[in-house]
Each structure stands twice: as C-alpha cells, then as structure tokens.
Amino acid sequence: DAGVIQSPRHEVTEMGQEVTLRCKPISGHNSLFWYRQTMMRGLELLIYFNNNVPIDDSGMPEDRFSAKMPNASFSTLKIQPSEPRDSAVYFCASRTGDQPQHFGDGTRLSIL
Amino acid sequence: GDSVTQMEGPVTLSEEAFLTINCTYTATGYPSLFWYVQYPGEGLQLLLKATKADDKGSNKGFEATYRKETTSFHLEKGSVQVSDSAVYFCAQNGGGSGNTGKLIFGQGTTLQVKP
C-alpha cells in the first residue's frame, strides 16, 4: 500500500516567494496532520484536520501560513510570503480512527 | 501543560551494547505513549506503543513499559546493531477527553552505533 505522499521532496526558493507543499494521505485515513521540524524547536504540530475540517491550527506560526484540505485525498500547506526562518523539514501525517499516525518522508524547504 | 522530556543525545554505543533512552511525560489525563524512529532523510515510523499503565510495547527487539508511577516510558534494547542508528522520538497523545490524535513529541535522541 502507498504511504503518505508528500511533494516536492526538496524546495529551494528566494524569500518573498510563495511556497506550496502538498500531501496525499493514505486512502481511508480521516485525520491529517502537518508538522515542522527544525534543529532549534524539534517537531512542532502546525495544524490538523479531521474529515477535511481544520480542528486545531494553534501551531500555525503566523498569518503567512495557511493550510487547506479540499477533499479526503489532498492537502496543501502554503507560505506567502516566505522568509529564511521558515526553512525546515515539513512533514505530513495521517491516521484513521484511534490508530497511530503514519508519516510521509517530508519536504525539505530552504528559503534563501 | 502536557509535555515529553527525553534524555539528550547523541548516544554513541558499540555494536551489541545495551541501549536505554529515557523518556518522561506530564499529562492531565491518561495518555497513550509512543516511540517513533526517524532514519536519515525519511519520515517518522512508529516503533512501538502502549495504551495503558503497565503495558509493554515491543518491536524489532526494542521494548518500553508504561510506568504510571514514575510517568516514564524508557526505550530499551538488549543488543544494538549499526542499522539501529537513527533519531528516536518519544511521544504522547495528551490523554484528554476525546482521542484527537494530536501528538506531543520529545526533542528526539540521536543514536549512533559503531561497528
């Protein structure tokens, strides 16, 4: 079975540009999570969805960050405008019911 | 608030040595506890879990026991291999009313095993 699929795997862009990260959860999973991983702050939950509805976005750093889940098989995390301090690895994870989360391989984002 | 604290790394061991990575938690409810492993360039993979006090999670030779009295979930392995070199994360789900699935992670412990 295909796992959680994230794209792109790597993204390098200049500050001020819009960045869109994409995630396809495991088919049948009804919860989706976006995390950010940095050396300084470790793993931080940014936002999560249940049945495509955002439940908790308290981890979203600021208004430059937004996330959507238009359907059960796709989610995006957008940063506009991007800044160098947004450089990190961004993970998407999904799960069904009360089962453990399954993680994608992440998007390594570098903002120059 | 709810939190997870892991021992700082890196931990460097020789092959076949005994491994312990300490993890303690604070929670308002009765959380489920997890260990995830992250290999270089990959996402996190669930290693083992325990859902209630005195449960022992085990997988691939790794074990951890849910100790409510000491609020701990230490990871152990009797004989490590070079292939176990990775970053290990302890996590909990808060244990509050309703299982939201929201995980709280420790800071991660890097394990390096030398031949």
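The structure reproduced in this document is the subject of the present report. The structure presented is a predicted model; accordingly, all values stated were derived computationally and were not measured.

Describing the overall build of chain B
Link 1 in the chain: Within chain B, the regular secondary structure consists of 0 helices and 12 strands.
Link 2 in the chain: Taken from the N to the C terminus, the helices and strands of chain B come in the order β-β-β-β-β-β-β-β-β-β-β-β.
Link 3 in the chain: On C-alpha atoms alone, chain B measures out to a radius of gyration of 14 Å, which is about the 13 Å that the 2.2 N^0.38 rule sets for 115 residues.
Link 4 in the chain: Dimensions of chain B, computed from the C-alpha atoms along their principal axes, are close to 45 × 30 × 20 Å.
Link 5 in the chain: Counting only residues that meet the buried cut, chain B has 42% of its 115 residues in that class.
Link 6 in the chain: Carbon and sulfur atoms make up 48% of the accessible area of chain B, which amounts to about 5500 Å² in all.
Link 7 in the chain: Put simply, chain B has 9 plus and 11 minus side-chain charges, and the middle of one group is 5 Å from the middle of the other.

Re the sheet that holds strand β7 (residues 65-71) of chain A
All names here are of chain A.
Link 1 in the chain: Spatial strand order, β1-β3-β8-β7: 4 strands in an open sheet with antiparallel pairing. Each having just a single partner strand, β1 (5-7) and β7 make up the two edges of the open sheet. If you compare each strand with its neighbour and ignore which way they point, the axes differ by 15° on average.

Details of the nonpolar core
Link 1 in the chain: Counting residues in each nonpolar core, the largest one holds 24 residues, and the members touching the most others are L19, W35, L48, F73, L75 and Y88 of chain B.
Link 2 in the chain: Excluding residues that lie within four positions of it along the chain, Y88 of chain B makes contacts with Q6, I21, W35, Y36, V37, L47, F62, L75, G108, T109 and L111 of chain B.
Link 3 in the chain: Counting 21 residues, the second-largest nonpolar core is a separate cluster that includes C23, L32, A67 and L109 of chain A.

What to know about the pairing of strand β5 (residues 33-38) of chain B
Residues and elements named next belong to chain B.
Link 1 in the chain: Extensive coverage of β5 is indicated by the burial of 6 of its 6 residues.
Link 2 in the chain: In β5, alternate side chains face the same way, and those of L33, W35 and V37 on one face and F34, Y36 and Q38 on the other are all buried.
Link 3 in the chain: As judged from the 6 bridges shared by β5 and strand β6 (residues 44-50), these two strands associate in the antiparallel manner. Looking across to β6, one finds that W35 is bridged to L48.
Link 4 in the chain: If you look at the hairpin formed by β5 and β6, you'll find 5 residues sitting between the two strands, and G41 has a positive phi there, around 75°.
Link 5 in the chain: Two elements, β5 and strand β10 (residues 86-92), share 6 bridges in a ladder whose sense is antiparallel. Bridge pairing in β10 links V37 to Y88.

Describing the packing of aromatic side chains
Link 1 in the chain: What the rule picks out here adds up to 12 aromatic pairs over all chains.
Link 2 in the chain: Every member of this aromatic cluster is reached through a ring pair, and the members are F33, Y35, Y48, F91 and F103 of chain A together with F34, Y36, F89 and F105 of chain B.

Remarks on the sheet that holds strand β7 (residues 56-59) of chain B
One key point about sheets: their strands pair by backbone hydrogen bonds, in either a parallel or an antiparallel sense.
Residue and element names in this part refer to chain B.
Link 1 in the chain: Within the open sheet, the 4 strands sit side by side as β3-β9-β8-β7. Their pairing is antiparallel. The open sheet has two edge strands, β3 (19-21) and β7, and neither has a second partner. When the angles between neighbouring strand axes are averaged without regard to direction, this sheet yields 15°.
Link 2 in the chain: Here β3 pairs with strand β9 (residues 75-77) via 3 bridges, running antiparallel. Counted as the bridge partner of I21 is L75 from β9.

Focus: the side chain of S31 of chain A
Residues and elements named next belong to chain A.
Link 1 in the chain: By the secondary structure assignment, S31 is in strand β4 (residues 31-38).
Link 2 in the chain: A polar contact of 2.5 Å, which involves the side chain of S31, links it to the side chain of N50.
Link 3 in the chain: Apart from residues no more than four positions distant in its own chain, S31 is found in contact with F49, N50, A93, S94 and R95.

Overview of the interface of chain B and chain A
Link 1 in the chain: Contact residues are listed per partner, giving 16 residues for chain B and 18 residues for chain A.
Link 2 in the chain: Both faces combined, the contact of chain B with chain A buries some 1400 Å², and carbon together with sulfur accounts for 53% of it.
Link 3 in the chain: For the pair chain B and chain A, the interface holds 0 salt bridges.
Link 4 in the chain: At the surface where chain B touches chain A, the tally comes to 4 residue pairs in polar contact (both at pLDDT 80 or more).
Link 5 in the chain: Classifying every residue of the side of chain B that touches chain A gives 7 nonpolar, 6 polar and 3 charged.

How each quantity is defined
Residues numbered from 1 in each chain as written. Chains lettered and ligands numbered in written order. Predicted model: local features only at pLDDT ≥ 70, side-chain atom pairs only at ≥ 80, totals over all residues. Heavy atoms only, no water. Helix = DSSP H or I, 4+ residues; strand = E, 2+ residues; numbered from the N terminus. Rg over C-alpha atoms; globule rule 2.2 N^0.38 Å. Buried < 20%, exposed > 50% of the residue type's maximum accessible area, 1.4 Å probe, protein only. Areas by Shrake-Rupley, 256 points an atom, 1.4 Å probe, with all protein chains shown as cover. Lys, Arg positive; Asp, Glu negative; His and termini not counted. Charge placed at Lys NZ, Arg CZ, Asp CG, Glu CD. Pairing = 2+ DSSP bridges. Axes fitted to C-alpha atoms, helices over the stretch in contact; angles between N-to-C directions. Core = buried A, V, L, I, M, F, W, Y, C linked by side-chain atoms within 4.5 Å. Contact = heavy atoms within 4.5 Å. Phe/Tyr/Trp six-rings, centres within 6.5 Å; stacked < 30°, edge-to-face > 60°. Polar contact = N/O pair within 3.5 Å; in protein donor to acceptor, adjacent residues only side chain to side chain. Buried area = accessible area lost by both parts, 1.4 Å probe. Salt bridge = Lys/Arg side-chain N within 4 Å of Asp/Glu carboxyl O. Nonpolar A, V, L, I, M, F, W, Y, C, P; charged D, E, K, R; others polar.

In short, geometric facts, not functional conclusions.
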